[in-house]
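For reference, the chains in residue letters:
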Amino acid sequence: MASPVSDRDFRGYGSNPPAIRWPNDARLAVSVVVNVEEGAELSIGQGDERNESVYEVVEEITGVRDLCMESHFEYGPRAGWPRIRALLKQYGVAATLNANGRAVALSPWLVQEAVADGHEVAAHGWRWERHAHMDEAQEREAIARAVAAITEAAGTPPVGWHTRSATSLNTRRLLREHGGFLYDSNAYNDDLPFLVDVEGEQHLVLPYAFDTNDMRFQRGGGFVFGDDFARYCIDAFDRLYAEGGTAPRMMSVGLHLRIIGRPGRIGGLERFLAHAASKPGVWFARRDAIARHWLAELGKA
């Protein structure tokens with residue numbers, strides 16, 4: 001029987017991670033990612049072909065504007081962001097905002113506040129949508145529109161990209177074609193950055209995570225109480241922190257304004273940040289800083 005053929009990489013670094021240390025010999029790089037999607041969700045009220053169906057409930061209203069869904073998303077910038085912003089300031093955390101271009105265009109003040117606080121603004125697509133079925137022209141336009149909106153609001157173009165869930169087979173090539181991107185986060189397969197080949201050129205990937213992520217408060221995700229988020233993230237942190245004594249490790253923590261920003265959940269984020277900040281040798285880092293350090297250590301900067 002012939003062996004299966006695949007271009008997938010199941011081995012990665014294996015038992016031989018690169019001998020790279022984080023700045024100041026930190027044991028663990030913690031990347032806090034704040035997803036800014038509100039206003040970019042599919043909405044007939046925004047002229048889209050349909051309404052978004054995934055928020056605090058799973059329900060799609062067809063044919064007419066869904067004011068209930070819209071108000072759920074509006075909660076994020078109005079009430080969630082101020083809570084998250086305050087905690088990041090309190091614990092001195094430099095974060096990366098994964099921002100949809102249309103969300104940024106509708107709430108440029110939010111991005112401007114984030115930039116003033118020292119956070120990175122990366123691109124999360126134009127709308128909050130998957131790219132898996134986009135043709136090249138459609139995806140090329142989505143990338144360009146997202147970059148333009150973020151550049152206008154933040155004052156500088158994004159150097160990071162993260163598609164909502166599924167990318168297309170063309171995404172990385174189109175990011176390279178557009179230019180200016182230092183990394184993408186369109187992978188979930190490691191605890192370390194890694195290089196991939198894109199048409200003969202090396203491209204950096206900073207893996208993201210769906211487990212250490214407040215999206216698990218959504219239906220079927222397993223998180224109910226704020227402490228569920230805290231306990232899980234603390235367990236992940238403690239394991240990676242221990243491993244960081246002998247090998248580099250990176251932890252991604254995914255947040256959403258409208259999810260963790262709720263009063264019954266925000267305490268989970270606070271408990272996690274307090275735990276992580278209490279340990280020596282922890283580098284709370286923007287993803288662009290992690291990317292630049294990794295490339296410099298590999299001699300690729």
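Residues numbered from 1 in each chain as written. Predicted model: local features only at pLDDT ≥ 70, side-chain atom pairs only at ≥ 80, totals over all residues. Heavy atoms only, no water.

A. Quick peek at the overall build of the chain. Secondary structure assignment for the chain yields 9 helices and 9 strands. In terms of overall dimensions, the chain has a C-alpha envelope of 55 × 50 × 45 Å along the principal axes. Within the chain, buried positions represent 51% of all 301 residues. Only carbon and sulfur atoms are counted for the fraction: they give 49% of the accessible area of the chain, which is about 13,900 Å². When the 33 positive and 41 negative side-chain charges of the chain are each reduced to one mean point, those points stand 4 Å apart. (Helix = DSSP H or I, 4+ residues; strand = E, 2+ residues; numbered from the N terminus. Buried < 20%, exposed > 50% of the residue type's maximum accessible area, 1.4 Å probe, protein only. Areas by Shrake-Rupley, 256 points an atom, 1.4 Å probe, with all protein chains shown as cover. Lys, Arg positive; Asp, Glu negative; His and termini not counted. Charge placed at Lys NZ, Arg CZ, Asp CG, Glu CD.)

B. Representation of the environment of Leu257. One can find Leu257 in helix α7 (residues 257–260). With a relative accessible area of 0%, Leu257 lands in the buried category. What Leu257 contacts, discounting residues up to four positions off in sequence, is Val34, Asn35, Val36, Glu38, Gly76, Pro77, Gly80, Trp81, Ile84 and Leu110. (Contact = heavy atoms within 4.5 Å.)

C. Layout of the nonpolar core. Among the nonpolar cores identified, the biggest contains 57 residues, and Val30, Val34, Phe229, Phe237, Leu255 and Phe272 are the most heavily contacted of them. The element that contributes the greatest number of residues to this core is helix α6 (residues 226–243), accounting for 7 residues. Setting aside anything within four residues of it in sequence, one finds Val34 in contact with Ile84, Leu88, Ala95, Thr96, Leu97, Asn98, Leu255 and Leu257. Judged by nonpolar contacts, the second largest core, of 17 residues, contains Ile20, Trp22, Ala29 and Ala291. (Core = buried A, V, L, I, M, F, W, Y, C linked by side-chain atoms within 4.5 Å.)

D. Fine view of the pattern of salt bridges. Throughout the structure, instances matching the rule amount to 22 salt bridges. Taking the shortest distance from any N to any O, the salt bridge between Arg140 and Glu136 comes out at 3.3 Å. Of this pair, Arg140 and Glu136 both sit in helix α4 (residues 136–154), 4 residues apart, which is roughly one turn of the helix. The class of Arg140 is partly exposed, set by a relative accessible area of 33%. Of the residues examined, Glu136 reaches a relative accessible area of 31% and is grouped as partly exposed. (Salt bridge = Lys/Arg side-chain N within 4 Å of Asp/Glu carboxyl O.)

E. Looking closely at the environment of Val36. Structurally, the position occupied by Val36 is in strand β1 (residues 28–36). Put simply, Val36 and Asp7 are 29 residues apart on the chain and 33 Å apart in space, counted from C-alpha to C-alpha. Sequence-distant contacts of Val36, defined by excluding residues within four places in its chain, comprise Leu97, Asn98, Ala99, Asn100, Ala103, Leu110 and Leu257.

F. Geometry of helix α8 (residues 266–277). For α8, built from 12 residues, the straight-helix expectation of 16 Å at 1.5 Å per residue is met to within 8% by its first-to-last C-alpha distance of 17 Å. Those residues of α8 that sit buried are Ile266, Gly267, Gly268, Leu269, Phe272, Leu273 and Ala276. Structurally, α8 contributes buried residues whose contacts are with β1, α1 (67–90), α6, β8 (250–256), α7 and β9 (282–284). (Expected span 1.5 Å × (residues − 1).)

G. Summary view of the packing of aromatic side chains. Taken as a whole, this structure holds 13 aromatic pairs when the rule is applied. Seen in terms of ring centroids, Tyr188 and Phe210 are 4.6 Å apart; in terms of plane orientation they differ by 50°. Their pairing is tilted. Pair noted here: Tyr188 is in the loop between β5 (183–184) and β6 (194–198) and Phe210 is in the loop between β7 (201–205) and α6, with a separation of 22 residues, a long-range link. When its relative accessible area of 36% is taken as the criterion, Tyr188 is described as partly exposed. Geometrically, the ring pair formed by Tyr208 and Phe210 is edge-to-face, given 6.5 Å between the ring centres and 85° between the ring planes. (Phe/Tyr/Trp six-rings, centres within 6.5 Å; stacked < 30°, edge-to-face > 60°.)

H. The arrangement of the pairing of β8 in detail. Where burial is concerned, most of β8 is hidden: 7 out of the 7 residues are buried. The side-chain alternation of β8 yields two buried faces, one formed by Met250, Ser252, Gly254 and His256 and the other by Met251, Val253 and Leu255. Of the pairings in the sheet, the one linking β1 to β8 comprises 7 bridges and is parallel in character. Paired with Val30 across the two strands is Met251, which belongs to β8. (Pairing = 2+ DSSP bridges.)

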